[in-house]
Amino acid sequence: MLGLRGPQLPPAGILLLLPFLLLLPPAAPAPHRASYKPVIVVHGLFDSSYSFRHLLEYINETHPGTVVTVLDLFDGRESLRPLWEQVQGFGEAVAPIMAQAPQGVHLICYSQGGLVCRALLSVMDEHNVDSFISLSSPQMGQYGDTDYLKWLFPTSMRSNLYRICYSPWGQGFSICNYWHDPHHDDLYLNASSFLALINGERDHPNATAWRKNFLRVGRLVLIGGPDDGVITPWQSSFFGFYDANETVLEMEEQLVYLRDSFGLKTLLARGAIVRCPMAGISHTAWHSNRTLYETCIEPWLS
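The rules behind these values
Residues numbered from 1 in each chain as written. Predicted model: local features only at pLDDT ≥ 70, side-chain atom pairs only at ≥ 80, totals over all residues. Heavy atoms only, no water. UniProt positions renumbered as here; feature names shortened; annotations may be inferred. Helix = DSSP H or I, 4+ residues; strand = E, 2+ residues; numbered from the N terminus. Buried < 20%, exposed > 50% of the residue type's maximum accessible area, 1.4 Å probe, protein only. Axes fitted to C-alpha atoms, helices over the stretch in contact; angles between N-to-C directions. Parallel < 35°, antiparallel > 145°, perpendicular 65-115°, else oblique. Contact = heavy atoms within 4.5 Å. Nonpolar A, V, L, I, M, F, W, Y, C, P; charged D, E, K, R; others polar. Core = buried A, V, L, I, M, F, W, Y, C linked by side-chain atoms within 4.5 Å. Disulfide = S-S within 2.5 Å. pLDDT = per-residue confidence, 0-100. Phe/Tyr/Trp six-rings, centres within 6.5 Å; stacked < 30°, edge-to-face > 60°. Lys NZ or Arg CZ within 6 Å of the ring centre and 35° of its normal. Polar contact = N/O pair within 3.5 Å; in protein donor to acceptor, adjacent residues only side chain to side chain.

An unreviewed UniProt entry lists the protein under the name palmitoyl-CoA hydrolase, from Equus przewalskii. Recorded under Function (unreviewed entry), the UniProt text for the protein is reproduced unchanged: "Catalyzes the cleavage of thioester bonds from S-palmitoyl-CoA or S-palmitoyl-N-acetylcysteamine (unbranched structures) but does not have activity against palmitoylcysteine or palmitoylated proteins, branched structures or bulky head groups. Conversely, hydrolyzes both long and short chain fatty acyl-CoA substrate."

Asker: Provide a residue-level description of the overall build of the protein, including the pertinent values.
Answerer: The helix and strand inventory of the protein stands at 13 helices and eight strands. When burial is assessed residue by residue, the protein has 49% of its 302 residues classed as buried.

Asker: Describe in detail the packing of helix α4 (residues 112-123) against helix α10 (residues 207-214), supporting the description with residues and values.
Answerer: Where α4 contacts α10, the two axes come as close as 6 Å, and the packing angle between them is 110°. In this view, α4 runs roughly perpendicular relative to α10, as classed from their interaxial angle. Listed contacts from α10 to Arg118, Leu121, Ser122 and Val123 of α4 are Ala209, Trp210, Asn213 and Phe214. Per-class residue counts for the contact of α4 with α10 are five nonpolar, two polar and one charged.

Asker: Hey, could you go over the nonpolar core for me, with residue numbers and the actual values?
Answerer: Ranked by internal contacts, the top residues of the largest apolar core, which has 61 residues, are Phe132 and Leu220. Among residues more than four places away in sequence, those in contact with Phe132 are Leu107, Cys109, Gly114, Cys117, Arg118, Leu121, Gln139, Val217, Arg219, Leu220 and Val221. Core analysis: the next-biggest nonpolar cluster, separate from the first, contains 24 residues, Val41, Val70, Tyr293 and Ile297 among them.

Asker: How would you summarise the state of the cysteines if you had to cite specific residues and measurements?
Answerer: This structure, assessed with the given rule, holds three disulfides. The residue that forms a disulfide with Cys165 is Cys176, at a sulfur-sulfur distance of 2.2 Å. On the sign convention where negative means left-handed, the S-S torsion of about -65° between Cys165 and Cys176 marks this disulfide as left-handed. Of this pair, Cys165 sits in helix α6 (residues 162-165) while Cys176 sits in helix α7 (residues 174-177), and the two are eleven residues apart along the sequence. Like Cys176, Cys165 is buried. By sequence order of its bonded cysteines, the protein has the disulfide arrangement 1-2, 3-4, 5-6.

Asker: Mind laying out the confidence of the model for the protein, listing which residues take part and the relevant values?
Answerer: In this model, the protein carries an average pLDDT of 90, and 86% of its residues clear a pLDDT of 70 or more. Between residues 1-7, whose pLDDT stays under 50, and residues either more than four places distant or in other chains, the model counts zero contacts. Under a pLDDT of 50 for its full length, residues 28-32 has, in the predicted model, zero contacts with residues more than four places off or in other chains.

Asker: Go over the packing of aromatic side chains with me, naming the residues and quoting the values.
Answerer: Considering all chains together, one arrives at 13 aromatic pairs under this definition. Ring pairs connect the aromatic residues Tyr143, Trp179, Phe241 and Tyr242, which therefore count as one cluster. Looking at Arg118, its charged tip hangs above the ring of Phe262, at a distance of 4.6 Å from the centre.

Asker: Tell me about the environment of Ser79, residues and numbers included.
Answerer: Structurally, the position occupied by Ser79 is in the loop between β2 (68-70) and α3 (83-99). The exposure class of Ser79 is buried, given its relative accessible area of 0%. Through-space distance from the C-alpha of Ser79 to that of Gly113 is 9.3 Å; in sequence the pair is 34 residues apart. Non-local contacts of Ser79, meaning those with residues more than four positions away in its chain, are made with Gly44, Leu45, Phe46, Phe74, Gln86, Gln112 and Ser174. In terms of polar contacts, Ser79 uses its side chain to reach the backbone amide nitrogen of Phe46, at 2.7 Å.

Printed below as a string of structure tokens:
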């Protein structure tokens, strides 16, 4: 009838196999790449977001799909603004990024920016930072004659800069907020409006809360090296610093560690501090060195 055909039946062989096919386990779902946590980058003194173009490229290559935000705040000379002012500004920028990332975020903070980030971890009650990567940052302060210092205070040198930095006027400059003269420790403790506070070296009403907040961090990654040429002593990147004789005492010998004043000792005890020293890298090359990235940064960007 006009070539019309009825429903086609499966071949007999298929019918015989059908009971066995029904016993097979369901097919595994197609694998999918786990998403990476967002990365927030904070620059240092006289820097801008442009300085981190190589780092951004490395992250995109090794962890495709990662949302990376290089914060474009307090660029150039604006980076000399007092650090508490910068902490407020950067805090307002990172808060919405954290709010949209319930799985947590990573911070990569370079040079002076490492101090800004450490203060952020102290004052933010609900931060969700997984890895705080401190990239060649003077975490225990700075005491060295550098080109930055000579440009800012051309008539001063490290031996007498305390007269400027430990004055109310001097504390209006970011670099003075972490100037740490080992020969004038009393003046530092009394005058420092930033570093002595986040280190818990001077009593203040927020010390307990700040310590609790800081300990929310999942991991602290410390990066620096002997050929930095700016951070002085370079061990400050690892919470080491000079004593009164300018002998470097390592982190475990520092009072802030022994007293656990802001949580360093607790972090180390739980295995949450990673130290990654690397020779042969100058201060301005930390964020563009591919080997450094692969060795010290990429492993912690989950």
